[in-house]
Amino acid sequence: YKRSGLDQTKEKRDKIKEMMDEMSSLANKFSRNINENTVEFKCEKHELEGCFKEFIESNTQKDGTIKISLVSSTILQILHNCKVKKTRETVRELSLSSCKESNWDVLPSFLNKAEQLAKLIGFNNYAELSMEDKMIENPKRAAEFIQSLLDSTKDRVDLEVQMIKDFKLKSKDQTDLTYADIDYY
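About the thresholds
- Residues numbered from 1 in each chain as written.
- Predicted model: local features only at pLDDT ≥ 70, side-chain atom pairs only at ≥ 80, totals over all residues.
- Heavy atoms only, no water.
- Core = buried A, V, L, I, M, F, W, Y, C linked by side-chain atoms within 4.5 Å.
- Buried < 20%, exposed > 50% of the residue type's maximum accessible area, 1.4 Å probe, protein only.
- Helix = DSSP H or I, 4+ residues; strand = E, 2+ residues; numbered from the N terminus.
- Contact = heavy atoms within 4.5 Å.
- Expected span 1.5 Å × (residues − 1).
- Arc of directions from axis to C-beta.
- Phe/Tyr/Trp six-rings, centres within 6.5 Å; stacked < 30°, edge-to-face > 60°.
- Axes fitted to C-alpha atoms, helices over the stretch in contact; angles between N-to-C directions.
- Parallel < 35°, antiparallel > 145°, perpendicular 65-115°, else oblique.
- Left-handed = near helix turned anticlockwise from the far one by under 90°.
- Nonpolar A, V, L, I, M, F, W, Y, C, P; charged D, E, K, R; others polar.

Asks: Would you mind going over the nonpolar core in detail, with residue names and values included?
Replies: Ranked by size, the top nonpolar core spans 15 residues in total, and within it Leu48, Cys51, Ile68, Leu70 and Ile78 carry the most contacts. Secondary structure elements with two or more residues in this core: strand 1 (39-43), helix 2 (53-58), strand 2 (66-70) and helix 3 (72-81). Those residues within four positions of Cys51 in sequence are excluded, and the remaining contacts are Ile56, Gln77, Ile78, Asn81 and Cys82. If you look at the next biggest cluster of nonpolar residues, it comprises 9 residues, including Met19, Ala114, Leu117 and Phe123.

Shown next as structure tokens:
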């Protein structure tokens with residue numbers, strides 16, 4: 001009732017609908033930018049050591065160059081199998097920032113609209129509006145839940161990180177542990 005603005009004047013309800021429509025449009029644009037933005041990764045064969053032969057061959061062009069469209073399946077192929085850490089790091093970074101430029105203005109616009117909408121409806125912020133009808137109920141409970149997860153998993157995470165570091169050393173990899181190592185090891 002309150003979330004949809006039914007307790008507001010017609011003028012406010014119209015403004016709420018307009019803001020929700022704008023947010024929907026921005027969310028669609030954000031998703032479209034992600035779906036339409038495919039990054040191409042170019043490399044040499046030696047930079048894909050450890051990847052399946054068929055994967056390398058299927059991405060080798062007639063002129064011998066290797067060009068890989070970074071979509072989820074190709075990203076995972078490289079992150080899971082490529083022995084070359086620099087390649088894994090590059091692919092990870094490219095995949096995480098693939099549509100950063102096209103969405104640079106979209107996300108802040110969406111967040112500003114969301115904040116304005118929440119305040120118009122009578123909430124302090126969008127987090128309160130978003131959680132009010134959920135089991136978690138409010139941002140304070142969400143933060144407490146996240147902290148409880150962190151507290152309860154810390155020892156296990158520390159153990160697994162140490163296991164990965166130990167395995168890296170056995171594999172003669174003396175480099176610092178990075179996110180690019182997590183999927184590989």
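Next, the rest of the story.
Asks: Hey, could you go over helix 4 (residues 85-96) for me, with residue numbers and the actual values?
Replies: In a regular helix each residue adds 1.5 Å, so 12 residues correspond to 16 Å; helix 4 covers 16 Å between its end C-alpha atoms and thus fits that length. Within the sequence span of helix 4, burial applies to Lys85, Thr87, Arg88 and Val91. Projection of helix 4 onto a plane perpendicular to its axis shows the buried side chains occupying an angular sector of 160°, all on one side. Summarising the contacts, the buried residues of helix 4 are in contact with strand 1, strand 2, helix 3, helix 7 (139-170) and helix 8 (179-182).

Asks: Explain the packing of aromatic side chains residue by residue, including any values.
Replies: Pairs of aromatic rings are described using the distance from one ring centre to the other and the angle between the two planes. Across all of its chains, the model carries 2 aromatic pairs by this definition. With a centroid separation of 4.8 Å and 85° between ring planes, the pair formed by Tyr184 and Tyr185 is classed as edge-to-face. By way of ring pairs, the aromatic residues Phe167, Tyr184 and Tyr185 are connected into one cluster.

Asks: Give a description of the packing of helix 3 against helix 4 that names residues and reports values.
Replies: Where helix 3 contacts helix 4, the axes come no closer than 9 Å and their chain directions differ by 150°. Our classification of the angle between helix 3 and helix 4 gives roughly antiparallel. Judged by the sense of rotation from one axis to the other, the crossing of helix 3 with helix 4 is left-handed. Along the contact surface, helix 3 presents Ile75, Ile78 and Leu79, while helix 4 presents Thr87, Arg88, Val91, Arg92 and Ser95. Split into classes, the residues belonging to the contact of helix 3 with helix 4 amount to 4 nonpolar, 2 polar and 2 charged.

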